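Spelled out, the chains give:
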There are 2 protein chains.
Amino acid sequence: MSDVLIRGGHPWSFGEPVDILIRAGVIDRIEPGLEAPDAEVIDVPGRLVLPGLIDAHCHLDKTLYGGDWVPHSAGDSLADRVANERARRGELGLPNVDNITALLERMIAFGTTHVRSHVDVDPVIGLGGVEAVGAAARKLAGRVTVEMVAFPQFGLLTNPGTAEYLEEALKNGVQTIGGIDPAGVDRDPVRHLDILFDLAEQYGAGIDLHLHDPGALGAWELELIADRTRDHGLEGRVTVSHAYALGQIDEAYQDRLVDRLAAAGVSVATAAVYSFPIPPIKKLDAAGVNVACGHDGIRDLWGPYGSGDMLERAMHLAYRSTFRRDEDIELALRAATYGGARALNLDAYGLAPGAVADLVVVEARTPAEAVVTHPVRDLVMKGGRVVVRQGKLV
Amino acid sequence: MSDVLIRGGHPWSFGEPVDILIRAGVIDRIEPGLEAPDAEVIDVPGRLVLPGLIDAHCHLDKTLYGGDWVPHSAGDSLADRVANERARRGELGLPNVDNITALLERMIAFGTTHVRSHVDVDPVIGLGGVEAVGAAARKLAGRVTVEMVAFPQFGLLTNPGTAEYLEEALKNGVQTIGGIDPAGVDRDPVRHLDILFDLAEQYGAGIDLHLHDPGALGAWELELIADRTRDHGLEGRVTVSHAYALGQIDEAYQDRLVDRLAAAGVSVATAAVYSFPIPPIKKLDAAGVNVACGHDGIRDLWGPYGSGDMLERAMHLAYRSTFRRDEDIELALRAATYGGARALNLDAYGLAPGAVADLVVVEARTPAEAVVTHPVRDLVMKGGRVVVRQGKLV
């Protein structure tokens, strides 16, 4: 792999235009006026340079992307949507490697370099979703990195046999396991969490748990999760996705709970979907709780929305958080970049010497403008290799 | 103007591909297999055809669009934003005809054929905003129609002299007047509304009033507005914009209030901005209350967001309303088309013989898909004239 010199751009948080020298896929130097006679030079005058975007929460296995338009067919309740998915995923041929590949290609075109996808595992589908996502990810190896979370969508205890498939997934190389509403869905929060944390400790795995349970119930479950994270020595390895409850409790309790999550090194991942509550990301950030951002479902049996563009998703997060000032909007962009990297435990991420050269170049005067307008990606690099030019896969 | 035959498209709500024959800027026939030897033929095989999009609520006079990126500089409170705008609009040279023109051109490129813009009038700015918006609208005459609402942004009673400028605007050809939070901002709801309704009746004008006042307070003001609309014989001429209160009261009161608005022929215009409450548009529609949709501010001193794309704005409205099914998502599209037309009292609007040929052609399999993906506008016609091809102004 030849050296590359990205010349004349404005990397995020650098005060002046600087050049980026990439050697063997890794950022070697970031300085003004670099010379590198043997390097391929890519001029990006005045362009904003961001680190690779990170979708820290999606459901690749469920997507209908790239196929027919499938009008949403479920009723309005959660039970309707669960029943609808159970009934129709087989009929629609899900999971589908072509759909997953089409969606991943779109994500790449938008500058996403890492994806954490929850993937359903249960006694009916077994590891079929893991295999399908794995097949698509292998096709696009070197252009995007996909991490899977073995996810008990239909419950862990309430859908007998599912825990065994979580373990099976771990034995087959999946490194993170999921959970879902230990109280609201699975009806036994302590046992649900004990199964997850015991498995995680046994296999050296991480945890990323869906928590939609509202208000005091969800907040209490967050306490259980924080405690178990410390008890099992899993600081930095546990993420709670959605965590609507954090946006619904009073400020004083919010303050205490946020501190407890910070002390346990628990990350929060949010997608800012529909009108659902949003965790207070400014408060979380100030308290040292890592915040990541993802899409949630993209065009699937749970709903037709989602573009695959993490700059647009960061816009939704900033917008729903009523962030107007540049520095506030950058919090949402941090969630879609550095926060995702920390949740995914990525080494060597970012805009600094020693980091893997995953870069996104766009025309925007400030990072906040990039979030607001989410323009065409002029250039995307993954590991020092150009994978996208002018929004098109190379 | 030559005849035009739009051939092979799927007009919204037609079950099969049909041709549209346009004569003298008006839709003459919509039928399969039309022949028109003298007409210019435009083939749009399989494309979705929508009526012109209608932005029923924006603030053209405030926009910074097309200029420098201006980081938002206000604090978090409403008072901060008002003070910031009063202090900075002069410094930034607002209103600016070039900015307004740039934004209108972008709206046209996205298929917007009619815009209702609130325009600040007050003793400091006088009719300067009306003149600036008028100048931009004249430049783009024949490509977009702009209706102005004389808007007392800083209060009617609390900013003495403003009512006189509303009247001055009416004398200068503005046909709709606005109000703002008669209780929360202006502190005397009855007198505020009496001034507006008396002026409207005297000048044969319409009313479009900003109502952010929350909960029981805003709901009570909606009662006052419905009553005055009937008392003054202004059924069909009054719109309440935002109407957050409708989304905050209990269902039983909502039901009663919605019926009262329907009986008075009051329209509701929503922009679905930030995390603010959204009126229950499905309930409003079912009760016969007309619902329109707009952007609110686009890149101005109130916030940096907004694209000018009414299909994207309809997506925000559908998304925040947690609409997933096609028929529900179409309610948001109706607000961005037919609902806007009714609020603006447009004659001869829509996809039917006799309507003015304002059309938008996009690649989408269903109207819901057009909202979700808001694709490039392949073709936009205004009054039978092609104004946009492939997203670019002709």
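That block above? That's the structure.
Since the model is a prediction, treat every value here as computed from it, not as a measurement. (Residues numbered from 1 in each chain as written. Chains lettered and ligands numbered in written order. Predicted model: local features only at pLDDT ≥ 70, side-chain atom pairs only at ≥ 80, totals over all residues. Heavy atoms only, no water.)

Visitor: Before we move on, could you go through the interface of chain A and chain B and cite the residues and values that matter?
Guide: On the chain B side, the residues contacting the 39 residues of chain A number 40 residues. Taking both sides of the interface into account, the surface hidden between chain A and chain B amounts to around 3,500 Å²; carbon and sulfur atoms contribute 52%. Taken together, the links from chain A to chain B amount to four salt bridges. The salt bridge partner of Glu369(B) is Arg299(A), with a shortest N-O separation of 4.0 Å. Broken down by secondary-structure element, the contributors of at least two residues to the side of chain A that touches chain B are α9 (310–320), α10 (326–343) and α11 (367–373) of chain A. Looking at the side of chain A that touches chain B, the element that brings in the most residues is α9(A), giving seven residues. Its residues placed into classes, the side of chain A that touches chain B shows 17 nonpolar, nine polar and 13 charged. (Contact = heavy atoms within 4.5 Å. Buried area = accessible area lost by both parts, 1.4 Å probe. Salt bridge = Lys/Arg side-chain N within 4 Å of Asp/Glu carboxyl O. Helix = DSSP H or I, 4+ residues; strand = E, 2+ residues; numbered from the N terminus. Nonpolar A, V, L, I, M, F, W, Y, C, P; charged D, E, K, R; others polar.)

Visitor: Could you give an account of the pattern of salt bridges, naming the residues involved and the relevant values?
Guide: Residues and elements named next belong to chain B. The full count for this structure, using the stated rule, is 57 salt bridges over all chains. Residues Asp 122 and Arg 89 are paired through a salt bridge, measuring 3.1 Å at the closest nitrogen-oxygen approach. A residue pair is termed long-range when its members are at least 10 positions apart, and Asp 122 in the loop between β7 (112–120) and α3 (128–139) and Arg 89 in helix α1 (residues 78–91) qualify at 33 residues. The class of Asp 122 is buried, set by a relative accessible area of 3%. Between Arg 365 and Glu 369 there is a salt bridge, with its nearest N and O atoms 2.8 Å apart. (Buried < 20%, exposed > 50% of the residue type's maximum accessible area, 1.4 Å probe, protein only.)

Visitor: With reference to specific residues and values, describe helix α6 (residues 215–231) of chain A.
Guide: Residues and elements named next belong to chain A. Under the 1.5 Å per step criterion, the end-to-end length of α6 is 25 Å for 17 residues, consistent within 8% with the ideal 24 Å. Of the positions making up α6, those classed as buried are Gly 215, Gly 218, Ala 219, Glu 221, Leu 222, Glu 223, Leu 224, Ile 225, Ala 226, Arg 228 and Thr 229. Buried positions along α6 lie against α5 (189–203), β10 (206–211), β11 (238–242), α7 (251–264) and β12 (266–270). Gly 233, located one to two residues past α6, shows a positive phi value of around 65°. (Expected span 1.5 Å × (residues − 1).)

Visitor: Residues and numbers for the side chain of Asn99(B), please.
Guide: All names here are of chain B. By the element assignment, Asn 99 lies in helix α2 (residues 97–109). Overall, Asn 99 belongs to the buried group, its relative accessible area being 10%. Of the polar contacts made by the side chain of Asn 99, one reaches the backbone oxygen of Thr 63; its length is 3.2 Å. Excluding its chain neighbours within four sequence positions, the residues that come into contact with Asn 99 are Thr 63, Leu 64, Tyr 65, Gly 67 and Leu 94. (Polar contact = N/O pair within 3.5 Å; in protein donor to acceptor, adjacent residues only side chain to side chain.)

Visitor: Break down the relation of the copies chain A and chain B for me, with residues and values.
Guide: With an axial shift of 0.0 Å and an RMSD of 0.0 Å, the rotation relating chain A to chain B amounts to 180°. As the rotation angle and translation indicate, the two copies are arranged about a two-fold axis. Within chain A, the C-alpha atom positioned nearest to the axis of rotation is that of Ser275(A), 3.7 Å from it. Looking at chain A, 100% of its interface residues are interface residues in chain B too, so the copies touch through the same face. (Least-squares fit on C-alpha atoms with pLDDT ≥ 70 in both.)

Visitor: Tell me about a nonpolar patch on the surface, and please be specific about residues and values.
Guide: Among the surface-exposed residues, Val190(A), Leu217(A) and Trp220(A) lie close enough to one another that they form a single nonpolar patch of about 240 Å² accessible area. Assignment of secondary structure puts Trp220(A) in helix α6. (Patch = residues over 30% accessible without salt bridge, like charges linked within 9 Å, V, L, I, M, F, W, Y side chains within 5 Å. Areas by Shrake-Rupley, 256 points an atom, 1.4 Å probe, with all protein chains shown as cover.)

Visitor: Give me helix α2 (residues 97–109) of chain A: which residues, what numbers.
Guide: Residues and elements named next belong to chain A. Compared with an ideal rise of 1.5 Å per residue, which puts 13 residues at 18 Å, α2 spans 18 Å between its outermost C-alpha atoms and is within 8% of the ideal. The complete set of buried residues in α2 reads Asn 99, Ile 100, Thr 101, Leu 103, Leu 104, Met 107, Ile 108 and Ala 109. The residue sitting at the N-terminus of α2 and contributing the capping side-chain oxygen is Asn 96; that oxygen lies 2.8 Å from the backbone nitrogen of Asp 98.

Visitor: Outline the pairing of strand β14 (residues 359–362) of chain A, supporting the account with residue identities and numerical values.
Guide: Residues and elements named next belong to chain A. Burial of the side chains of β14 extends over both faces: Leu 359 and Val 361 are buried on one face and Val 360 and Val 362 on the other. As paired elements, β14 and strand β15 (residues 377–382) share four bridges and run antiparallel to each other. Residue Val 362 lies in a different strand from β15, and its bridge partner there is Arg 377. (Pairing = 2+ DSSP bridges.)

Visitor: Provide a residue-level description of the environment of Thr366(B), including the pertinent values.
Guide: Secondary-structure assignment places Thr366(B) in the loop between β14 (359–362) and α11 (367–373). Along the sequence, Thr366(B) and Ser13(B) sit 353 residues apart, while their C-alpha atoms lie 9.6 Å from each other. Thr366(B) has contacts with Trp69(A), Leu48(B) and Asp326(B), leaving out every residue within four places of it along the chain. Of note is the side chain of Thr366(B), whose polar atom sits 3.1 Å from the side chain of Asp326(B).

Visitor: Let's hear about the sheet that holds β7(B): which residues, and what values?
Guide: Pairing between the strands of a sheet is mediated by backbone hydrogen bonds and can be parallel or antiparallel. Residues and elements named next belong to chain B. Across the sheet, eight strands lie side by side as β6-β7-β8-β9-β10-β11-β12-β13; this open sheet has parallel pairing. If you trace the sheet from one side to the other, it starts and ends with β6 (53–58) and β13 (291–293), each paired once. Averaged over all pairs of adjacent strands, the angle between their axes in this sheet comes to 25°, without regard to strand direction. By the bridge criterion, five bridges tie strand β9 (residues 176–180) to strand β10 (residues 206–211) in an arrangement that is parallel. What sits directly across from Ile 180, in β10, is His 210. (Axes fitted to C-alpha atoms, helices over the stretch in contact; angles between N-to-C directions.)

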